[in-house]
Structures are given as structure tokens and as C-alpha cells.
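Understanding the architecture of this molecule
Chain by chain, the residues:
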Amino acid sequence: MTSETTNTFTLPRPIVRPRRLRATPGLRRLVAETRLRPADLIWPLFVKEGIDEPVPISSMPGQFQHTEESLAEAVRRAAEAGLGGVMLFGIPAFRDAEGSAGVDPNGVLQRAIRLARATLAEAAPDGPAPVVMADTCLDEFTDHGHCGLLRTSADGTVVVDNDATLAVYQRMAVAQAEAGAEIVGPSGMMDGQVGAIRQALDEAGHQDVAILAYAAKYASAFYGPFREAVDSTLRGDRRTYQMDPANRREGLYETELDIAEGADIVMVKPAASYLDVLTRVADLSPVPVAAYQVSGEYAMVEAAAANGWINRQAAVIEATLAVKRAGANLVLTYWAPELADWLD
Ligand code: PBG
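Before going into details, it helps to say that this report is about the structure given with it. (Residues numbered from 1 in each chain as written. Predicted model: local features only at pLDDT ≥ 70, side-chain atom pairs only at ≥ 80, totals over all residues. Heavy atoms only, no water.)

1. Quick word on unusual backbone geometry
The condition that has to hold: For the purposes of this entry, the term helix denotes a DSSP run of H or I that reaches at least four residues, the term strand denotes a run of E that reaches at least two, and both are numbered from the N terminus.
Geometrically, the link from Lys 269 to Pro 270 is a cis peptide bond, its omega value of -10 degrees lying close to zero. Position of Pro 270 relative to the elements: it lies in the loop between strand E10 (265-269) and helix H9 (275-284). The backbone of Met 189 sits at a positive phi, close to 60 degrees, despite the residue not being glycine. Following the sequence through the fold, Met 189 ends up in the loop between strand E8 (183-186) and helix H6 (193-203).

2. Side note on the state of the cysteines
Short version of the rule: The disulfide criterion used throughout: a pair of cysteine sulfur atoms within 2.5 Å. For every residue, the accessible area obtained with a 1.4 Å probe (protein chains only) is divided by the maximum for its type, and the residue is called buried under 20%, exposed over 50%, and partly exposed between those limits.
Across all of its chains, the model carries zero disulfides by this definition. Looking at the unpaired Cys 137, the closest cysteine sulfur is the one in Cys 147, lying at 3.4 Å. Taking relative accessible area as the criterion, Cys 137 reaches 0% and is therefore assigned buried.

3. Comments concerning the site of the ligand
Here is the rule: We define proximity as follows: a residue is near a molecule or strand when any one of its heavy atoms falls within 4 Å of that partner. A 3.5 Å cut-off defines polar contacts: any pair of N or O atoms within that distance qualifies, except that in protein one atom must be a possible hydrogen donor and the other a possible acceptor, and neighbouring residues in sequence count only when both atoms are side-chain atoms. Areas reported here follow the Shrake-Rupley algorithm with a probe of radius 1.4 Å; residue values treat only the protein chains shown as occluding.
Taken together, 17 residues sit near the ligand, with Asp 139, Lys 217, Lys 269, Ser 295 and Tyr 334 positioned nearest. Here an oxygen atom of the ligand and a side-chain polar atom of Lys 217 are 2.7 Å apart. Interatomic distance of 2.7 Å between a side-chain N/O atom of Arg 227 and an oxygen atom of the ligand. In isolation the ligand has 400 Å² of accessible area, and contact with the protein removes 100% of it.

4. Observations concerning the side chain of Thr 67
Definition in use: By definition in these notes, contact holds between two residues if any of their heavy atoms fall within 4.5 Å.
On the secondary structure map, Thr 67 appears in the loop between strand E3 (64-66) and helix H3 (68-81). Since its relative accessible area comes to 7%, Thr 67 is described here as buried. At 3.0 Å, the side chain of Thr 67 forms a polar contact with the backbone nitrogen of Ser 70. In this structure, Thr 67 is in contact with Val 47, Ile 51, Asp 52, Glu 53 and Pro 54, ignoring residues within four places of it in sequence.

5. Comments concerning the side chain of Ser 285
Mapped onto the fold, Ser 285 is located in the loop between H9 and strand E11 (289-292). A distance of 2.6 Å separates the side chain of Ser 285 from the backbone oxygen of Val 287, its partner in a polar contact. Those residues in contact with Ser 285 that lie beyond four places of it in its chain are Ile 259 and Val 266.

6. Topic: a positive patch on the surface
The following threshold applies: For patch detection, residues must exceed 30% relative accessible area and be free of salt bridges, and they are connected within 9 Å for like charges or within 5 Å for nonpolar side chains (Val, Leu, Ile, Met, Phe, Trp, Tyr). Put simply, a salt bridge is a Lys or Arg side-chain nitrogen that is within 4 Å of an Asp or Glu carboxyl oxygen. Neither His nor the chain ends is counted toward charge; the positive residues are Lys and Arg and the negative residues Asp and Glu. Just so you know, the charge point we use is NZ for Lys, CZ for Arg, CG for Asp and CD for Glu.
Taken together, Arg 17, Arg 19, Arg 20 and Arg 22 make up a surface patch of like positive charges. One can find Arg 19 in the loop between helix H1 (3-6) and helix H2 (25-30). Take Arg 19: its relative accessible area is 67%, and that puts it in the exposed class.

7. Observations regarding a nonpolar patch on the surface
A cluster of nonpolar side chains, Leu 21, Leu 30 and Val 31, forms an exposed patch at the surface whose accessible area comes to about 280 Å². According to the relative accessible area criterion, Val 31 is partly exposed, its value standing at 37%.

8. Quick look at the nonpolar core
Condition: Within this scheme, the nonpolar core is defined by two criteria: the residues are buried Ala, Val, Leu, Ile, Met, Phe, Trp, Tyr or Cys, and they are joined through side-chain atoms within 4.5 Å.
Counting residues in each nonpolar core, the largest one holds 102 residues, and the members touching the most others are Phe 46, Leu 88 and Leu 201. Counting residues per element, this core draws most heavily on helix H5 (residues 162-179), at eight residues. Setting aside residues up to four positions removed in sequence, Leu 88 forms contacts with Leu 45, Leu 71, Leu 109, Ala 112, Ile 113, Ala 116, Val 132, Met 133, Ala 134 and Asp 135.

9. Remarks on the pairing of E11
The test is simple: Convention used here: a crossover is right-handed provided that the path from the first strand, over the helix, to the second strand proceeds clockwise when the strands point away from the viewer. Note: two strands are recorded as paired if DSSP finds a minimum of 2 bridges between them.
What you see with E11 is no split at all: Val 289 and Ala 291 on one side and Ala 290 and Tyr 292 on the other are buried throughout. Following the backbone out of E10, through H9 and into the adjacent parallel E11, one traces a crossover that is right-handed. Where E11 and strand E12 (residues 330-332) come together, three bridges link them in parallel fashion. Residue Ala 290 lies in a different strand from E12, and its bridge partner there is Leu 330.

10. Regarding the packing of H5 against H6
This is how it is decided: Only the stretch in contact is used when a helix axis is fitted, and all axes are lines through C-alpha atoms; the angle between N-to-C directions ranges over 0 to 180 degrees. Angles are sorted into four bins: roughly parallel if under 35 degrees, roughly antiparallel if over 145, roughly perpendicular if 65 to 115, and oblique for all others. Note: crossing handedness is left-handed where the near helix turns anticlockwise from the far helix by less than a right angle, and right-handed where it turns clockwise. For this scheme, ten residues count as nonpolar: Ala, Val, Leu, Ile, Met, Phe, Trp, Tyr, Cys and Pro. Four count as charged, namely Asp, Glu, Lys and Arg, and the remainder, Gly too, count as polar.
Following both chains from N to C, one finds H5 and H6 inclined at 50 degrees, their axes separated by 9 Å at the closest point. The angle between the axes of H5 and H6 places the two elements in the oblique class. The handedness of the crossing between H5 and H6 comes out as right-handed. Note on element contacts: H6 touches H5 through Gln 193, Ala 196, Ile 197, Gln 199, Ala 200 and Leu 201, opposite Leu 166, Tyr 169, Gln 170, Ala 173, Val 174 and Ala 177. For the contact of H5 with H6, a count of residues per class yields nine nonpolar, three polar and no charged.

11. A look at the environment of Trp 43
Structurally, Trp 43 is set in strand E1 (residues 41-48). With a relative accessible area of 7%, Trp 43 lands in the buried category. Every residue in contact with Trp 43, bar those within four places of it in the chain, is listed here: Gln 63, Ala 74, Arg 77, Ala 78, Leu 83, Gly 85, Val 86, Met 87, Thr 333, Tyr 334, Ala 336 and Pro 337.

12. Re the packing of helix H11 (residues 312-325) against helix H12 (residues 336-343)
Orientation of H11 relative to H12, taken along the N-to-C sense of each, is 100 degrees, at an axis distance of 11 Å. By the criterion of interaxial angle, the relationship of H11 to H12 is roughly perpendicular. Two secondary-structure elements touch here, H11 through Arg 312, Gln 313, Val 316, Ile 317 and Thr 320 and H12 through Glu 338, Leu 339 and Trp 342. For the contact of H11 with H12, the per-class residue count stands at four nonpolar, two polar and two charged.

13. A few points about the pattern of salt bridges
One pass over the full model with this rule turns up 14 salt bridges. A salt bridge links Arg 111 to Glu 49, with the shortest nitrogen-to-oxygen separation between them at 3.5 Å. Taken as a pair, Arg 111 in helix H4 (residues 108-123) and Glu 49 in the loop between E1 and strand E2 (55-56) lie far apart in primary sequence, 62 residues in all. Between Arg 198 and Asp 202 there is a salt bridge, and its shortest N-O distance comes to 3.0 Å. Linking Arg 198 with Asp 202, this pair stays in helix H6, spanning four residues, or about one helical turn.

Next up, the structure:
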């Protein structure tokens, strides 16, 4: 039997009109599947030792290397905007091969953490305050700019020494916790870093300090402007420890390892060029998922907007919304306070 002989009657089918739900701002708002909230946003902030005035970062218009005073102001702004958190990066006045300033209880980052906590205790004494997080990585503190300690191997090549670096990360995380960090953010992509840091925090009595693990972090050209932001001295690249942009399966594996080692939050970085990885990480992760909209993503939109080539506000909202739609619960973004103002 052919379908022509059986199918003599068809039910009248209404014309399908998906546009019906797009007709008014109210309808569009009602059916929006993804929403941005200030509390989902984390603002990365840079504080530099030994400057009297904030220094504008030319490749990241609107972002600064802060003095302690301007950092406190930025942290107050974060609280007023209702942001979920701030992620602090320190730029020390002196660097050495071991990144000693990173573990110094009085180092620039530890001082910044203390200042941020004290500022928030005053600015938001009752309500929820932005959570204070710190970058737990050596590249801002080493004179060679790598995320770990260097070792010359038998054949004369210089390598980043994974396990020797873990011991420094442990001391660094404890120093940050002692200064008042509520979340530490290991971003160096050393194997075992989450487990090592968890163990050190627990042994030091900081079992309540959480770990935001840079789980799937790629060796990306989109970190370019960040290198200016932290006065990076790096020559070469980080391809022996950060991941190959070609690899998705490996990003999922890294995420599973970090969760097994005790990560409280896992992160995919960068965001825009890795939305496929982000979606899959969000599908598999039992813990909250963050994504880092990195310096290059910020710089590209700012540059195009400055030339009048795109609508800045619309592009910023769309770019960030896309990261949430792909599966991120939290977004690290340099636009955090401005976005929060627009969302109000
Ligand atoms: C490492 C770190 C980097 C970024 C965040 N943490 C630099 C790198 O991995 O090379 C980049 C963030 C950005 O580009 O906005 N401490």
C-alpha cells in the first residue's frame, strides 16, 4: 500500500507562528530562557604594588592596575552593583625565580585580599557581599613569567617542574586563605593542583575555603591583553601546561580530575571560543560551572565599539548571555559592574 491510498484525510494544521511570542518586550521577557543577574558575575581586578595612581591598561580600555585605594573603591562598586564576587590579581614590585612575593603574608595580593574583605565588611555589613577570590598562580610573581618553577632537565631543556610547583601553590593558597580569601583560584594547570591545595588548606584549618578550579584552561591567544595587565615578562608560551585548543575530550577529562580532587567550582577558559566545551562541562558537572570571558574577548568588543563598528552595550550583553546560555552558572567578566547597572 502506498501512502496515497491510505492518507485520504489530514487534520487541519494551524500555521505555526513562533513570532507570536516575540511580538512585545513583555512577551519576550516572559519567555526568555536565560537571564543574566548581577550575582552571577565576578569582576577580575588587578592591584599593583608601588604605584600612587591607578594605571589604565591600554589594551583593556576602562580597566586599571589599581592602587590599594582605588582597589577599595572598585570593591565598593562591586558591592553596590550586587556582584557575585571579585577575583583579585596581584602585581608585585619585585619578582624572582620562585615567585616568593606570592607566598609572602604581606605580599601585594595578600594585602589586597585583606583590604577587600575589610572594605566589604564596612560596605555590606548585613546583606550578602561579593565573595572575595584570589588567583592562585605564580606567573604574576616569577621573573620568568611562567606559572610554575623552572628546572633544567638532563638534556639541557628548561621545563616547568610540576611537583615542585605544587608545593608552592600549597603555601600560596594557605597565605591567601589566611589573608581572608573565601575562594582560591588555581589557574596554573599543573597536574594535581586542586588535590594538593585542598590538602594544604585542610591541614591549615581552612576546610571552609573553597576552590574554583581552572579546569579546562586552554593555551589561548585571547589572553594577550592580560599580559599587559600584569606586566608579564613571559617569553614563549604556556603550551606545555595549558591545553591545546584542538581538544574537547581532554577538557572534559581535566574537569573530571579536578572534581575528583575536590574542586568546589570548575571553570572553562576562555569562554566565547570554547562554548562547546562549556556546554559539555555543564552537562557532566555536579558542581557549579564558571566561565572566564577573558581579556582578549573584552578587548575585541571594546576595539570594535570604539571604531563604531558594533553597538557596544548590545554586544556586551549578547556575548555574556551566550556564555550563560551555553551552560555557565557564573561568568568572570571585566564588564561585570557595568553589565550589572544595565540589568537593573
Ligand atoms: C594566570 C592567568 C592568566 C589569565 C588568568 N589567570 C594568564 C595566562 O594564563 O596566561 C588570563 C585572563 C585574561 O586573559 O583575562 N595567572
